[in-house]
Amino acid sequence: MPGGGRCPDCGSTELVEDSHYSQNQLVCSDCGCVVTEGVLTTTYTDEGNLREVTYSRSTGENEQVSRSQQRGLRRVRDLCRVLQLPPTFEDTAVAYYQQAYQHSGIRAARLQKKEVLVGCCVLITCRQRNWPLTMGTICTLLYADLDMFSGTYMQMVKLLGLDVPSLCLVDLVKTYCSSFKLFEASPSVPAKYVEDKEKMLSRTLQLVELADETWLVTGRHPLPVITAATFLAWQSLRPSDRLTCSLARFCKLANVDLPYPASSRLQELLAVLLRLAEQLAWLQVLKLDKRSVVAHIGDLLQHRHMLVRKAFRDGTAEPGALDTGEEELQGQGWGREDRGHGSLDLPAGKRPASPALLLPPCMLKPPKRICPTPPVSTVTGDENISDSEIEQYLRTPQEVRDFQRAQAARQAATSVPNPP
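Remember, it's a predicted structure, so these values are computed and weren't measured experimentally.

What follows concerns the packing of helix α11 (residues 222-237) against helix α13 (residues 247-254). Close contact between α11 and α13 brings their axes to 11 Å; oriented N to C, the two are set at 90°. In this view, α11 runs roughly perpendicular relative to α13, as classed from their interaxial angle. Of the residues in α13, those in contact with T227, T230, F231 and W234 of α11 are L247, F250 and C251. Its residues assigned to classes, the contact of α11 with α13 shows 5 nonpolar, 2 polar and no charged.

What follows is the structure, encoded as structure tokens:
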């Protein structure tokens, strides 16, 4: 098809479009001169002005980009595609990587840190767009050390001056629990271990909220707490079939890694549930332990708001007054004598004993601090005192005069001339 313009060689206006290796080119039909090479790429400068650039001119664009930076940019795009992120996320992550690479501290860093920087750019992009993604997930994909990743993450946020919102705990629970392989029957998961996703997720959220209210999440990594809460939720839905399953086997069935502190978080959650069970009259007679209390998690979670408020109650209310939690129980047919402890009968102004339930774990089990023993000083009083320090021990004028006479006598004795 003839196009506009003239051939630079013969001046002919018979220019036609020709597809050569899937690239459109303008070719002179009279002399065969290739007028345009075909647009293969664009440069960043001309992209903003919507100008097309030929391949031969665009090859100089990458001369200013080092091989290390090019490799990092490819890794950012690959990671975004592995996580199936939207295209806009990929563009933002690439832009963050380019901005971070302009700092000399990043350019001179080791290859391992540059690999971690790839994950940091993707994580910041997801956090800013409220896309639930954890550091643990990216560290697993990159085979990166968590301590190095967190340090690089904080350094990058400070260097670029970014505003990164914290990840919502509810979104984190939903994302993390969705990765468990317990919602469909498979050869590796028996039928009695398969659970409905919505039921398990709902109970896990309630257990995590309970852990948050009792200071089990504060200052700690959330994944071990979520893992323990998910395990208890899964057990409590069918306790007769699942109480014999351990936490390690549960993580193996779910095809997730077992975080190291998850066993400790599990014991703390069970201790909290036992404290709650002690306040319900229909559970007091059962003498529950950490194994049997799992079957009653549903009842405890149903009344958890009242139980936590009851533990917080300071006992300063007037005798006979009912708080909201006790009104709920009385509305369900539970009288004062049925509630067991009778804590409302305390004298006015007297505080009940503070339960260990609502104390932070750092107060329940404080770390042992080894205090250095001071060195034993053996002072007898016969130590020599230097002339420069003796003035600090003089108090009365008589002591000053005696010291001056003794000092003058010593100088006179040392200044006697030798006999001829």
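Given 3.6 residues per turn, any residue in an α-helix points the same way as the ones three and four places further on. The set of residues buried in helix α9 (residues 169-178) consists of L172, V173, Y176 and C177. One side of α9 holds all its buried residues, which, seen down the axis, span an arc of 115°. Those residues of α9 that are buried are in contact with α10 (197-213) and α11.

Our next topic: the pattern of salt bridges. Here the idea is simple: oppositely charged side chains can pair when their charged atoms come close. Tallied over the entire structure, the rule returns 12 salt bridges. With its nearest N and O atoms 2.7 Å apart, the salt bridge here joins D241 to R238. Where salt bridges share partners, they join R71, R75 and E115 into one cluster.

Confidence in the prediction of the protein chain, expressed as mean pLDDT, is 76, and 72% of residues score 70 or more. For the protein chain, helix α18 (residues 324-331) is the element with the lowest average pLDDT, namely 45, and α11 is the one with the highest, namely 93. The model gives residues 314-357 a pLDDT under 50, and that stretch makes 61 contacts with residues more than four places away or in other chains.

Our next topic: the nonpolar core. Of all hydrophobic cores here, the largest spans 54 residues; its most connected members are L182, L232, F250, L273 and L300. Elements with a minimum of two residues in this core: α9, α10, α11, α13, α14 (262-277), α16 (297-302) and α17 (304-312). Once you skip the residues sitting within four places of it in the chain, L182 turns out to touch V189, Y193, V194, E195, M200, W234, F250, L253 and A254. The next biggest cluster of nonpolar side chains, apart from the first, holds 35 residues, and it includes L73, L79, A93 and C120.

Turning our attention to the state of the cysteines. Under the definition given, this model contains 0 disulfides. The thiol sulfur of C120 is not disulfide-bonded, and the nearest other cysteine sulfur, from C121, lies at 6.9 Å. Judged by its relative accessible area of 0%, C121 falls in the buried class.

Our next topic: unusual backbone geometry. Although it is not a glycine, Q84 sits at a positive phi angle of roughly 55°. Of note, Q84 is situated in the loop between α3 (67-82) and α4 (87-101). Relative accessible area serves as the criterion here: at 66%, Q84 is assigned to the exposed category. The phi dihedral of Y143 falls on the positive side, at around 55°, and the residue is not glycine. Owing to a relative accessible area of 76%, Y143 belongs among the exposed residues under this scheme.

Right, let's talk about the packing of aromatic side chains for a bit. Under the criterion given, the structure shown has 8 aromatic pairs. Ring geometry for F180 against F250: centres 5.8 Å apart, planes inclined by 50°, an arrangement best described as tilted. Of this pair, F180 sits in the loop between α9 and α10 while F250 is found in helix α13, placing the two residues 70 residues apart along the sequence. Like F180, the residue F250 is buried in the burial classification. Taken together, the ring pairs connect Y176, F180, Y193, F231, W234 and F250 into an aromatic cluster. The ring of F89 carries R129 above its face, with NZ or CZ at 5.3 Å from the centroid.

Criteria and thresholds
- Residues numbered from 1 in each chain as written.
- Predicted model: local features only at pLDDT ≥ 70, side-chain atom pairs only at ≥ 80, totals over all residues.
- Heavy atoms only, no water.
- Axes fitted to C-alpha atoms, helices over the stretch in contact; angles between N-to-C directions.
- Helix = DSSP H or I, 4+ residues; strand = E, 2+ residues; numbered from the N terminus.
- Parallel < 35°, antiparallel > 145°, perpendicular 65-115°, else oblique.
- Contact = heavy atoms within 4.5 Å.
- Nonpolar A, V, L, I, M, F, W, Y, C, P; charged D, E, K, R; others polar.
- Buried < 20%, exposed > 50% of the residue type's maximum accessible area, 1.4 Å probe, protein only.
- Arc of directions from axis to C-beta.
- Salt bridge = Lys/Arg side-chain N within 4 Å of Asp/Glu carboxyl O.
- pLDDT = per-residue confidence, 0-100.
- Core = buried A, V, L, I, M, F, W, Y, C linked by side-chain atoms within 4.5 Å.
- Disulfide = S-S within 2.5 Å.
- Phe/Tyr/Trp six-rings, centres within 6.5 Å; stacked < 30°, edge-to-face > 60°.
- Lys NZ or Arg CZ within 6 Å of the ring centre and 35° of its normal.

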